[in-house]
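# Coordinates in review
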Amino acid sequence: MNLQTVLGNFALILFVLMVITGVIWCLDVFVLAKQRRRAADAALREYDARNAKLQAEGIKVDASKRAEIEQANLRQPVWIEYSGSFFPVIALVFVLRSFLWEPFKIPSSSMVPTLLVGDFILVNKYAYGIRLPIVNQKIVPIGDPQRGDVMVFKYPKDMSQDYIKRVIGVPGDKITYENKRLTVNGKPVEYTALDDYLDDQHPIYHKQFMENLAGVPHRILNTDNKRTLDLGAVENFPNREACEYTYDKFTCIVPEGNYFMMGDNRDNSADSRYWGFVPDKNIVGKAIVVWMNFGNPKRIGGIQ
């Protein structure tokens, strides 16, 4: 694991911070706090004994400093005080992000029109099973990705990068993409033509269709001047032998424990067509809602 991977793994950073602050908090509660209490008691006994001796000699004493002495001896060092304050916050964030929900920001246009650049989305981390943080090992199976789901996963070629695409094929599926139309297990996917889509970032129109994949209707885009497949961009990925490519068509049989992913902006998406399948161990979670887009608040809502 290189430095870039470590810095790109926010969960690992949170875990390390949680462990450090947690150890300091426990050390303070079970050891250092008791030491400070004993030191304060000793200082108070010494203070009381000195005052008693002065009173016996008829000297008037000022007992107001007793509380100050106790407080000074019980005061936490700054590094312990801050660690104790941050620990519960870091632990809560770590648990929420690791096991329940994690926020992401959409950085590219590969999922347009479903997701736009600048969308802030929430990902359900337990929809596909509860996984151990950092190692991403599934420990409690709950469900599996289904065709049509929008899923976040670790990019197989760089585990420090999170990608988001739509699940097209599950293990055992035979996926064919010909003339920009999908066929799954020999059954053509249904398409309905919609009005052309105007790209806000680039002043061009795209052909827009409603694609019904396994009962999940969603919009996709095609670009007229782009071919069905760019053969020159196809890489030599694991299980490459499960796919057959021609000029305007490819067919892949999804291996066990893997998924075939594609972006909804079909002609502007680098996905499983080019870099291969997504192993189950790379799954992060299911995208469920757009919770904010500062440039377009109307974007807030569920993801289909």
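This text goes with the structure placed above it.
Report on the accompanying structure. (Residues numbered from 1 in each chain as written. Predicted model: local features only at pLDDT ≥ 70, side-chain atom pairs only at ≥ 80, totals over all residues. Heavy atoms only, no water.)

### Let's talk about the sheet that holds strand S12 (residues 216-222)
- The strand order across the open sheet built from three strands is S10-S11-S12, with neighbouring strands paired in antiparallel fashion. Two strands lie at the open edges of the sheet, namely strand S10 (190-198) and S12, each paired on one side alone. For this sheet, the mean angle separating the axes of adjacent strands, direction not counted, is 30°. (Pairing = 2+ DSSP bridges. Helix = DSSP H or I, 4+ residues; strand = E, 2+ residues; numbered from the N terminus. Axes fitted to C-alpha atoms, helices over the stretch in contact; angles between N-to-C directions.)

### Considering the side chain of arginine 166
- Here arginine 166 shows up in strand S6 (residues 162-169).
- Reaching out from arginine 166, the side chain makes a polar contact with the side chain of aspartate 264 at a distance of 2.8 Å.
- Excluding residues within four positions of it along the chain, arginine 166 makes contact with Met111, Thr114, Gly148, Asp149, Val150, Val216, His218, Phe260, Met261, Met262, Asp264 and Gln304. (Polar contact = N/O pair within 3.5 Å; in protein donor to acceptor, adjacent residues only side chain to side chain. Contact = heavy atoms within 4.5 Å.)

### Points about the packing of aromatic side chains
- Scanning the model with the defined rule gives 16 aromatic pairs in all.
- Aromatic rings pair up to connect Tyr177, Phe237, Tyr245, Phe250, Phe260 and Phe277 into one cluster.
- The ring of tyrosine 191 is capped by arginine 181, whose NZ or CZ atom sits 4.6 Å from the centre of that ring.
- A cation sits over an aromatic face here: arginine 181 above phenylalanine 209, 4.3 Å from the ring centre. (Phe/Tyr/Trp six-rings, centres within 6.5 Å; stacked < 30°, edge-to-face > 60°. Lys NZ or Arg CZ within 6 Å of the ring centre and 35° of its normal.)

### Points about the nonpolar core
- Leu182, Tyr245 and Phe260 are the most contacted members of the largest nonpolar core, which has 22 residues in total.
- Where this core is concerned, the elements lending two or more residues are strand S7 (174-178), strand S8 (181-184), strand S11 (205-213), strand S13 (243-246), strand S14 (249-253) and strand S15 (258-262).
- Excluding its chain neighbours within four sequence positions, the residues that come into contact with leucine 182 are Ile168, Ile175, Thr176, Tyr177, Pro188, Val189, Tyr191, Glu211, Met262 and Arg266.
- Residues Leu115, Val152, Ala287 and Val290 belong to the second largest nonpolar core, which totals 13 residues. (Core = buried A, V, L, I, M, F, W, Y, C linked by side-chain atoms within 4.5 Å. Buried < 20%, exposed > 50% of the residue type's maximum accessible area, 1.4 Å probe, protein only.)

### What about helix H4 (residues 78-100)?
- A rise of 1.5 Å per residue sets the reference length of H4, with its 23 residues, at 33 Å; its end C-alpha atoms lie 33 Å apart and thus fit the reference within 8%.
- For H4, every residue scored as buried is listed here: Ile80, Ser83, Ile90, Ala91, Phe94, Arg97 and Ser98.
- On its buried face, H4 is in contact with helix H2 (10-56), strand S1 (101-105) and strand S3 (130-131). (Expected span 1.5 Å × (residues − 1).)

### Points about unusual backbone geometry
- Here the bond from valine 112 into proline 113 is cis, since omega is 10°, no more than 30 degrees from zero.
- Within the element layout of this structure, proline 113 appears in the loop between S1 and strand S2 (120-124).
- In this model, asparagine 179 sits at a positive phi of 50°, which is unusual for a non-glycine residue.
- By the element assignment, asparagine 179 lies in the loop between S7 and S8.
- A positive phi is found at alanine 214, a non-glycine position, where the angle reads about 55°.
- Along the chain, alanine 214 turns up in the loop between S11 and S12.

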